[in-house]
Amino acid sequence: MRPEGRRNTQGIRIDPEAEATHEPRQAVLSALVKHKPGVLAEVSGLFSRRQFNIESLTVGPTTDDEMARMTILIEEPTPGVEQAKKQLQKLVPVISVTELEPEAIRRELAMIKVDGEKPDDINAVADMYGGQAVDACDETVTVEVTGSKQKVDAAIEAFSQFGIREIVRTGTAALERGAKDTQ
Amino acid sequence: MSERASIPKPEDEDESDDEQQPVTTGAQSVIRALENAGAEYVFGVQGGAIMPVYDALYDSDINHVTMAHEQGASHAADAFGIVSGEPGVCFATSGPGATNLVTGIADANMDSDPMIALTGQVPTEFVGNDAFQETDTVGVTQPITKESYFASDSDTVGDDVSEAFALADEGRQGPTLVDLPKDVTKGETDKEPKKPKTPETYTVQTEADEEMVDAAAEAIESADKPVILAGGGVIKADATEELFRFATKYEIPVITTMPGLGAFPEDHELSLEMAGMHGTGYANMAVTNTDLLVGVGTRFDDRLTGGVDSFAPDAELVHVDIDPAEISKNIYADYPLVGDAGRVLDQLYDAMTAAPDADEWREQCQTWKDEYPLDYQMPEDEPLKPQHIVETFDEVTDDDAIVTTGVGQHQMWACQYWTFREPRTWVSSHGLGTMGYGVPSAIGAKLAAPDQEVVSFDGDGSFLMTVQELSVAVRENLDITFVVLNNEAIGMVRQWQDGFYEGRRMASEYPWIPEFDKLAEAFGAAGFRLEDYDEVEETIQAAREYDGPAVIDALIDPAENVYPMVPSGGDNGLFALSEDQL
Ligand SMILES: Cc1ncc(C[n+]2csc(CCOP(=O)(O)OP(=O)(O)O)c2C)c(N)n1
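Cut-offs and rules
- Residues numbered from 1 in each chain as written.
- Chains lettered and ligands numbered in written order.
- Predicted model: local features only at pLDDT ≥ 70, side-chain atom pairs only at ≥ 80, totals over all residues.
- Heavy atoms only, no water.
- Contact = heavy atoms within 4.5 Å.
- Salt bridge = Lys/Arg side-chain N within 4 Å of Asp/Glu carboxyl O.
- Polar contact = N/O pair within 3.5 Å; in protein donor to acceptor, adjacent residues only side chain to side chain.
- Helix = DSSP H or I, 4+ residues; strand = E, 2+ residues; numbered from the N terminus.
- Nonpolar A, V, L, I, M, F, W, Y, C, P; charged D, E, K, R; others polar.
- Near = heavy atom within 4 Å.
- Areas by Shrake-Rupley, 256 points an atom, 1.4 Å probe, with all protein chains shown as cover.
- Pairing = 2+ DSSP bridges.
- Buried < 20%, exposed > 50% of the residue type's maximum accessible area, 1.4 Å probe, protein only.
- Right-handed = clockwise from strand over helix to strand, strands pointing away.
- Patch = residues over 30% accessible without salt bridge, like charges linked within 9 Å, V, L, I, M, F, W, Y side chains within 5 Å.
- Lys, Arg positive; Asp, Glu negative; His and termini not counted.
- Charge placed at Lys NZ, Arg CZ, Asp CG, Glu CD.
- pLDDT = per-residue confidence, 0-100.
- Domains from an automatic or database assignment.
- Buried area = accessible area lost by both parts, 1.4 Å probe.
- Axes fitted to C-alpha atoms, helices over the stretch in contact; angles between N-to-C directions.
- Parallel < 35°, antiparallel > 145°, perpendicular 65-115°, else oblique.
- Left-handed = near helix turned anticlockwise from the far one by under 90°.

K.L.:
Please give an account of the interface of chain B and chain A that cites residues and values.
P.N.:
Counting residues at the interface gives 36 residues for chain B, matched by 25 residues for chain A. Counting across the interface, chain B meets chain A through six salt bridges. Between Asp-323 of chain B and Lys-90 of chain A there is a salt bridge; the shortest N-O distance is 2.6 Å. Here chain B and chain A share 17 residue pairs in polar contact (both at pLDDT 80 or more) between them. Mapped by element, the contributors of at least two residues to the side of chain B that touches chain A are α11 (281-289) and α14 (359-371) of chain B. Ranked by the residues each element gives to the side of chain B that touches chain A, the list is headed by α11 of chain B, at three residues. When the residues that make up the side of chain B that touches chain A are grouped by side-chain class, the tally is 16 nonpolar, eight polar and 12 charged.

In structure tokens form, the structure reads like this:
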């Protein structure tokens, strides 16, 4: 007696008629956590030791002094996203975990330090991306840009013509649209 | 909760509170928290940073067992937790004391064993300065505990311990740790610790979704080849009676995982015993060919599943587990049932309206039992076969005798040739596979169940890793029989070298090893040497009759291997019965 079926690497039975393969997708997880020492290490440690593919992680205070909010961008097939949510929820200092809707508002901030030889052109490009120069000296101009990851990527591409010296990006922060609560 | 647990629950204690002195220090609050939680034993080793806590223990009724090494303390506490069902407690000082506990903590974490570790730490003002015996214990242990706490205040340190104790015990059990800076334990406080209670962010679902239960029940009823896979979670949840009722009522064959040994009586006709790498042929045939698998309290570890692609490939999976994160982690669950094992088995029992029509399947399982019996040869001109020693020992003991082991071939022979009939009689290192687990775990098991016989099967390699704990067994006069299945090699490695590395036996054979019977005598235990078939029963009986720890150095056939075997990542349905089938 030999069985006929097979499972894929995610342990899912392969249905020959509708072979379900799960491609990685981007998911934004928002976690409310206890605001106490060590929580960031606990969360980031979890993602690395379980090999979840993490793109960015931001953390900041909320309206409640005792809580902080983490926004975590991961790229995983759906079973991996589900597993990440459940593992995150298991950590004792984690209060709640939600996966945001695809249309949730996502923003990140970038600061881009470029060669300052053409200040007017730099300002023009900054205007195009709704950014602004926040610092300037003889040699360099530093511009701040906020927006979706795609917009920030595009802005950086545009600024590269001036010669980029340094970049810093915050990673994505996100919140649900409309009156809907995030947690 | 286990009936064997001799630990009084706080509510059963009629000692009135006014007998207790009010606490005056953080350390006393720590001990009070343990007393309130019902702790009866602590396993540990003294040291600078934990001294205030030990000083507070001086006035307590809690018994302290001084171990030879902190690893021994963590394994003893772990085994105490397995056998009693309540968190075992271990203490260590900062730095090396704490790092020596790490193996046992990781072991408890892999096997979901309830345990709490309390570690000393350098005074708060020195933390971060690389002070003498400073280690970031919370940092080291956070990934291998349910939670590691850093105590920051003498007023709340008792609450931290209470919470850690409750957390180790509730939901899916596991280890917790509280790191105790010396200034916090020495510091003054008059705060009594809060009652043991899990943090409010920790929620446990005990009952599964009714609709999903109904759907699962329907799938089981209509299955042709149903099988139950009972994991360690059945034992942890004290759900063996519920499992028995469900399986026997609906006549569904039962396989266990290795931690699930004892979840279902192995001498029952529905039992197919253990599946996986060294499971029985019939269990592996059943798990491969089933069309409906009911997994209860199991995490589908790779030593059980073999290659995922060929694991129960035609089966729909009903997965019962208290930890939602186990559902669909390794094997996709068609019917996820999150909840307490006993409760959900009862829900399923009630939801079923008929038994599956599985006469043919049960017959098939019987045929496999006849086709692939567990078997070994005993030629008289060859050295002793270890399987025979395990079987003989099993025959002379009661059903409730507890078996502990090290890790290696001897552990597999114990799984295969001992017939487990009761829960909490199998104490081993499954997920982590920790050599050296055998001796200290026998100590923890014996103290948790003083009225039950305890036998520890060990390998010569594993025994050497924690043999110093024999001194503790002698000091505490613990009636334990240690059987070293001595093949003068780290045999499991030697077996893999012969099977997968062309017999290149690199660093697996011991050119010289101690005479364990004499070593036992040096420790003050009784020592026996066993070399011949006609001495087996006699030697076992003599060792059992000795009042105190006895060690049998059993010289076994160094060439003996463990079969059946599914090579790592292989197909369970294609197990090998000998080396040439690998
Ligand atoms: C602490 C630790 N180190 C190494 C191993 C790898 N290992 C697994 S089984 C084994 C051999 C065990 O030898 P022994 O205790 O003599 O038992 P036997 O296999 O001979 O019965 C080894 C070295 C392990 N499991 N644990």
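Don't stop here, the text continues.
K.L.:
Describe the site of the ligand, with residues and values.
P.N.:
Residues and elements named next belong to chain B. By nearness alone, 17 residues border the ligand, and Gln-409, Gly-433, Gly-461, Ser-462 and Gly-491 come closest of all. Met-435 is positioned with one of its backbone polar atoms (N or O) 3.3 Å from a nitrogen atom of the ligand. The backbone of Asp-460 places a nitrogen or oxygen atom 3.3 Å from an oxygen atom of the ligand. Across the complex, the protein chains shield 76% of the 590 Å² of accessible surface that the ligand would expose by itself. Listed by contribution, the elements that provide at least two residues to the shell around the ligand are α16 (409-417), α18 (460-466) and α20 (491-500). Looking at the shell around the ligand element by element, the count peaks at four residues for α18. Each residue belonging to the shell around the ligand can be placed in one class, and the counts come to seven nonpolar, nine polar and one charged.

K.L.:
How would you summarise the sheet that holds strand β13 (residues 402-405) of chain B if you had to cite specific residues and measurements?
P.N.:
All names here are of chain B. Within the open sheet, the six strands sit side by side as β14-β13-β15-β16-β18-β17. Their pairing is parallel. In this open sheet, the two edge strands, each paired with only one partner strand, are β14 (426-427) and β17 (526-530). Sheet analysis places β13 next to β14, joined by two bridges and oriented parallel. Across the sheet, Thr-404 pairs through a bridge with Val-427, a residue of β14.

K.L.:
Describe the environment of Asp-399 of chain B, and please don't skip the residues or the numbers.
P.N.:
All names here are of chain B. Here Asp-399 lies in the loop between α15 (386-396) and β13. Owing to a relative accessible area of 38%, Asp-399 belongs among the partly exposed residues under this scheme. Sequence separation between Asp-399 and Gln-452 is 53 residues; the distance between their C-alpha atoms is 9.6 Å. Not counting residues within four places of it along the chain, the set of residues in contact with Asp-399 comprises Arg-421, Glu-422 and Thr-425.

K.L.:
Outline the pairing of strand β5 (residues 147-150) of chain B, supporting the account with residue identities and numerical values.
P.N.:
All names here are of chain B. Across four bridges, β5 lies against strand β6 (residues 175-181) in parallel orientation. In the strand pairing of β6, Phe-150 is matched with Asp-179. Running through helix α6 (residues 157-169), the crossover from β5 to the neighbouring parallel element β6 is right-handed.

K.L.:
Outline the pattern of salt bridges, listing residues and values.
P.N.:
According to the stated counting rule, one finds 43 salt bridges over all chains in the structure shown. Residue Arg-25 of chain A is joined to Glu-99 of chain A by a salt bridge in which the shortest nitrogen-to-oxygen separation is 2.7 Å. Of this pair, Arg-25 of chain A sits in strand β1 (residues 25-34) while Glu-99 of chain A is found in strand β4 (residues 94-99), placing the two residues 74 residues apart along the sequence. Glu-509 of chain B serves as the salt-bridge partner of Arg-505 of chain B, at 2.8 Å between the closest nitrogen and oxygen. Overlapping salt bridges, with partners in common, bring together Lys-90 of chain A together with Arg-172, Asp-323, Glu-326 and Lys-329 of chain B in one network.

K.L.:
Would you mind going over the environment of Ile-116 of chain B in detail, with residue names and values included?
P.N.:
On the secondary structure map, Ile-116 of chain B appears in strand β4 (residues 115-121). In the structure, Ile-116 of chain B is positioned 345 residues away from Gly-461 of chain B in sequence and 28 Å away in space, judged by C-alpha atoms.

K.L.:
Pulling in residues and values, what's your account of a negative patch on the surface?
P.N.:
Residue and element names in this part refer to chain B. A contiguous patch of negative charge, built from Asp-209, Glu-210, Glu-211, Asp-214, Glu-218 and Asp-350, is present on the exposed surface. With four residues, the top contributor of residues to the negative patch is helix α8 (residues 210-221). Here Asp-214 shows up in helix α8.

K.L.:
So, the confidence of the model for chain B: which residues are in play, and what are the values?
P.N.:
All names here are of chain B. Looking at chain B, pLDDT values average 96 and 97% of them are 70 or higher. In this model residues 1-10 is a low-confidence stretch, pLDDT under 50, and it forms 30 contacts with partners more than four residues away in sequence or in other chains. Residue range residues 12-17 is modelled with pLDDT below 50. Its contacts to residues more than four positions away, or to other chains, number two contacts. Our summary of model confidence lists the complex with pTM equal to 0.95 and ipTM equal to 0.91.

K.L.:
Requested: an account of the domain arrangement of chain B, with residues and values cited.
P.N.:
Residue and element names in this part refer to chain B. When the domains of chain B are assigned, the result is domain 1 (26-186), domain 2 (210-371) and domain 3 (386-563). Domain 1 and domain 2 are separated by 36 Å when their C-alpha centres are compared. The interface of domain 1 with domain 2 comprises eight residues on the first partner and five residues on the second. For the pair domain 1 and domain 2, the summed buried surface comes to about 540 Å²; carbon and sulfur atoms form 48% of the total. The three residues of domain 1 that bury the most area against domain 2 are Met-110, Arg-172 and Gln-173, which together make up 68% of that side's buried surface. For the interface between domain 1 and domain 2, the tally reads three salt bridges. Joining domain 1 to domain 2, the criterion identifies five residue pairs in polar contact (both at pLDDT 80 or more).

K.L.:
So what's going on with the packing of helix α3 (residues 70-84) of chain B against helix α4 (residues 96-111) of chain B? Residues and values would help.
P.N.:
Residue and element names in this part refer to chain B. Two numbers describe how α3 lies on α4: the axes approach to 7 Å, and their chain directions differ by 30°. Classified by the angle between their axes, α3 and α4 sit roughly parallel to one another. You can see that α3 and α4 cross each other, and the crossing is right-handed. Of the residues in α4, those touching α3 at Glu-70, Gln-71, Ala-73, Ser-74, His-75 and Asp-78 are Gly-97, Asn-100, Leu-101, Thr-103, Gly-104, Ile-105, Asp-107 and Ala-108. Tallied by class, residues from the contact of α3 with α4 come to four nonpolar, seven polar and three charged.

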